[in-house]
Amino acid sequence: MLELYNSLSRTRETFKPINEGRVGMYTCGPTVYHFAHIGNLRTYIMEDVLDRYLRYSGYDVKRVMNITDVGHLSGDSDDGEDKMVAGARREHKTVLEIAKFYTDAFFEDCKKLNIRRPDVVEPATHCIGEYIRIIKKLLDTGYAYVSDGNVYFDTSKLGEYYVFNRQNEEDLAVGVREGVEEDKAKHNKTDFVLWFTKSKFEDQELKWNSPWGVGYPGWHIECSAISIKHIGEYLDIHCGGIDNAFPHHTNEIAQSESYLAHKWCNYWFHVLHLNTTSGKMSKSTGEFLILKTLEDKGYAPVVYRFFCLQSHYRKSLVFSYEALDNARGAYDKLISRIAQLDGGANEVDAASFDAYKARFVEAMDSDLNTSLAITAVYDVLKADIDDATKLALLDDFDRVLCLDLCKNASAKRAADALAQQQKSGDPEILAAIERRAEAKRNRDFALADAIRDELATRGITLIDTKNGTEYRIEQK
Ligand code: AMP
Ligand code: ZN
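Note that this is a predicted model, so its numbers are computed, not measured. (Residues numbered from 1 in each chain as written. Chains lettered and ligands numbered in written order. Predicted model: local features only at pLDDT ≥ 70, side-chain atom pairs only at ≥ 80, totals over all residues. Heavy atoms only, no water.)

J.: Even after reading the chapter, I still don't get the domain arrangement of the protein, so can you show me in this structure?
T.: Much of the literature gives interface size as the accessible area that the parts lose upon coming together. Domain annotation of the protein identifies domain 1 (3–271), domain 2 (300–414) and domain 3 (425–473). Here domain 2 and domain 3 have C-alpha centroids that lie 43 Å from each other. (Domains from an automatic or database assignment.)

Structure, rendered in structure tokens:
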């Protein structure tokens, strides 16, 4: 049985979906005003592991993700300006242009990191009607009010607002006020905007008609509405990075449950941050690394996934190139060891398979302990079982880990065989190369070309270098 830490109860709970065998999972998507940084990607990698492990465990998962292309202000509590507007200004483009560019870039990164695309991906700008419908009901039922042109959620109407944490109100409210003038139109300091109309952000590019005037939605309402639209009134798991817990997820719960008049989401899955040695990696401070930087430095994206999987999602992780080098060294060694296995025609031994699979499942069932799951991979390699069973186990675990274990091991095997062959050289090919060199010395270029062309028909390419002619055999 899968046990997951639930931020809502602050305990580990046995996971039980609302409908047997089916899981509704919602993930806060990226704010597409810049490239995702490797901290954001840590969160998406760990959410992907959860998604894949649920499927591996036999659940039919429906996963929904929004794309935040409007309404996320530079302060998470409705202050500052829309991040998308600032991004568009920075790049002299329209908001929709940068939204498209960075959404595509995000999914390219996901593909490289073996992050499965969610079943539904919904840009926030596509759901204006849904936000208006929810906000109308919140106004009708007294959970919202109009003040100074904006529509606000009234947190004083709630029995409990700080759902994730019992810290005192003053401490938590710091995040709301940080470096900003308090919004005088709010009735309570924790109230938040559902719809901006007469806003202080005159240059807002995307605006829509609403019963309260032309404007645009607040950030929090997007996730509630998109989740309810695609998953329904009851949600099993909601995911995000830990910074989303307050105020974003807190506000999502406030408005969703007030709108639905019942409990909305059962499990809250929060991934802790990737930090640099000097603090949190953050897009807004501009101090961040993107996947391409790692690739440009020669790190394969799967090495970053391995680096993330080596530690538990509920521990913050400090990034350094030294730590990434260690991960790369360990990954390469792991691949080399797998490359030495010879599956041959042997049958998989079912009893050993089940015994070692149980170790992997035990690790993952224990609040998604990926570092122990990687230990289970090493246990398989060390085990006194045949290679065919080992390879079958690694293939099975990799349905969740997605570290390209067997794929990269067979690529390594092929590359090693080729290198070996080239080092020793095939006598027949070497003789043909010598005949061609002789023909060239005799200025019989037609013969030289004929020898080269004949080799090419067999997939053998000649490469003339200043130290002589080498050859490469194309892999079929
Ligand atoms: P954003 O694009 O800013 O909306 O963030 C996308 C996701 O990344 C959210 O789930 C955030 O909570 C998460 N996130 C932001 N910063 C970090 C970080 N340094 N480490 C891990 N996750 C993060
Ligand atoms: Zn969200």
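J.: Looking at this structure, I do not really get the site of ligand 1. What am I missing?
T.: Near ligand 1, the surroundings consist of 19 residues, among which Thr31, Gly39, Thr43, Asp243 and Lys283 are the closest. At 3.0 Å from a nitrogen atom of ligand 1 is found a main-chain nitrogen or oxygen belonging to Met281. Within the complex, 95% of the 500 Å² of free accessible area of ligand 1 lies under protein. Looking at the shell around ligand 1, its residues break down into five nonpolar, eleven polar and three charged. (Near = heavy atom within 4 Å. Polar contact = N/O pair within 3.5 Å; in protein donor to acceptor, adjacent residues only side chain to side chain. Areas by Shrake-Rupley, 256 points an atom, 1.4 Å probe, with all protein chains shown as cover. Nonpolar A, V, L, I, M, F, W, Y, C, P; charged D, E, K, R; others polar.)

J.: Looking at this structure, how should I read the sheet that holds strand E9 (residues 150–153)?
T.: Strands belonging to one sheet form pairs held by backbone hydrogen bonds; the direction of such a pair is parallel or antiparallel. Taken in spatial order, the four strands of this open sheet run E8-E9-E10-E11, and their pairing is antiparallel. At either margin of the open sheet sits one strand with a lone partner, and together these are strand E8 (144–147) and strand E11 (216–217). Looking at chain direction, E9 and strand E10 (residues 192–196) are connected through three bridges and run antiparallel. Along E10, the bridge assignment pairs Phe153 with Phe192. Relative to the sheet, helix H4 (residues 128–140) contacts E8, E9, E10 and E11, its axis offset from that of E10 by approximately 125°. Where helix H7 (residues 245–260) meets the sheet, its contacts fall on E9 and E10, and the angle it forms with E10 comes to roughly 70°. (Pairing = 2+ DSSP bridges. Helix = DSSP H or I, 4+ residues; strand = E, 2+ residues; numbered from the N terminus. Contact = heavy atoms within 4.5 Å. Axes fitted to C-alpha atoms, helices over the stretch in contact; angles between N-to-C directions.)

J.: Just checking my understanding: could you explain the coordination of the zinc ion (ligand 2) for this structure?
T.: Six octahedral donors around a metal ideally subtend angles of 90 or 180 degrees, whereas four tetrahedral donors ideally subtend 109.5 degrees. The protein atoms that coordinate the zinc ion (ligand 2) are Cys28 (SG), Cys223 (SG) and His248 (NE2), at distances of 2.0 to 2.2 Å. Between consecutive donor residues of the zinc ion (ligand 2), the sequence gaps follow C-x194-C-x24-H. Linking Cys28 in the loop between strand E3 (22–27) and helix H1 (38–56) with Cys223 in helix H6 (residues 219–231), this pair joins segments that are 195 residues apart in sequence. Classification of Cys223 as buried rests on a relative accessible area of 1%. (Donors = N, O, S within 2.8 Å, 3.2 Å for Na, K, Ca; no water. Buried < 20%, exposed > 50% of the residue type's maximum accessible area, 1.4 Å probe, protein only.)

J.: Looking at this structure, how should I read the nonpolar core?
T.: One recurring pattern in soluble globular proteins is that nonpolar side chains are buried together. One finds Ile237 and Tyr304 to be the most contacted residues of the largest nonpolar core, which totals 90 residues. With ten residues, the top contributor of residues to this core is H1. Domain assignment of the residues forming this core places at least three in each of domain 1 (3–271) and domain 2 (300–414). If near-sequence neighbours (up to four positions away) are discounted, Tyr304 is found in contact with Ile38, Gly39, Leu41, Arg42, Ile45, Leu113, Leu274, Leu294, Phe319 and Leu324. Core analysis: the second largest hydrophobic core is formed by 45 residues, Phe153, Leu194, Tyr216 and Ala245 among them. (Core = buried A, V, L, I, M, F, W, Y, C linked by side-chain atoms within 4.5 Å.)

J.: Explanation requested: the pattern of salt bridges in the structure shown.
T.: Where charged atoms of side chains with opposite charge meet at close range, the side chains can pair. This model, assessed by the stated rule, comprises 30 salt bridges. For Asp325, the salt bridge goes to Arg328, with nearest N and O atoms at 3.5 Å. Of this pair, Asp325 and Arg328 both sit in helix H10 (residues 321–339), separated by three residues, roughly a single helical turn. Asp325 gets classed as partly exposed once you look at its relative accessible area, which sits at 34%. Looking at Arg328, the relative accessible area reads 25%, which means it is partly exposed. With its nearest N and O atoms 2.8 Å apart, the salt bridge here joins Arg399 to Asp396. In this pair, Arg399 and Asp396 both sit in helix H13 (residues 387–401), three residues apart, roughly one turn of the helix. Residue Asp396 is classed as buried on the basis of its relative accessible area of 8%. (Salt bridge = Lys/Arg side-chain N within 4 Å of Asp/Glu carboxyl O.)

J.: Whenever I open this one, the packing of H1 against H13 confuses me. Can you help?
T.: Think of two packed helices as two axes; the pair is described by the angle between the axes and how far apart they sit. Interaxial distance between H1 and H13 falls to 7 Å at its minimum, and their mutual angle equals 130°. Here H1 lies oblique to H13, going by the angle between them. Here Val49, Arg52, Tyr53 and Tyr56 of H1 lie close against H13, whose contacting residues are Asp396, Arg399 and Val400. The residue makeup of the contact of H1 with H13, split by class, is four nonpolar, no polar and three charged. (Parallel < 35°, antiparallel > 145°, perpendicular 65-115°, else oblique.)

J.: Please clarify how the side chain of His273 should be interpreted in this entry.
T.: Its location among the elements puts His273 in the loop between strand E13 (265–271) and strand E14 (274–276). Classification of His273 as buried rests on a relative accessible area of 17%. There is a polar contact of 3.0 Å between the side chain of His273 and the side chain of Asp243. Among all residues touching His273, those that are not within four sequence positions of it are Arg42, Ile242, Asp243, Lys280, Ser316 and Leu317.

J.: Help me understand unusual backbone geometry, please; the structure alone is not making it clear to me.
T.: In this model, Phe246 is joined to Pro247 through a cis peptide bond whose omega is 0°. In this structure, Pro247 sits in helix H7. Phi at Asn114 is positive, roughly 60°, even though this residue is not glycine. For Asn114, the position within the fold is in the loop between helix H3 (95–112) and strand E7 (120–123).

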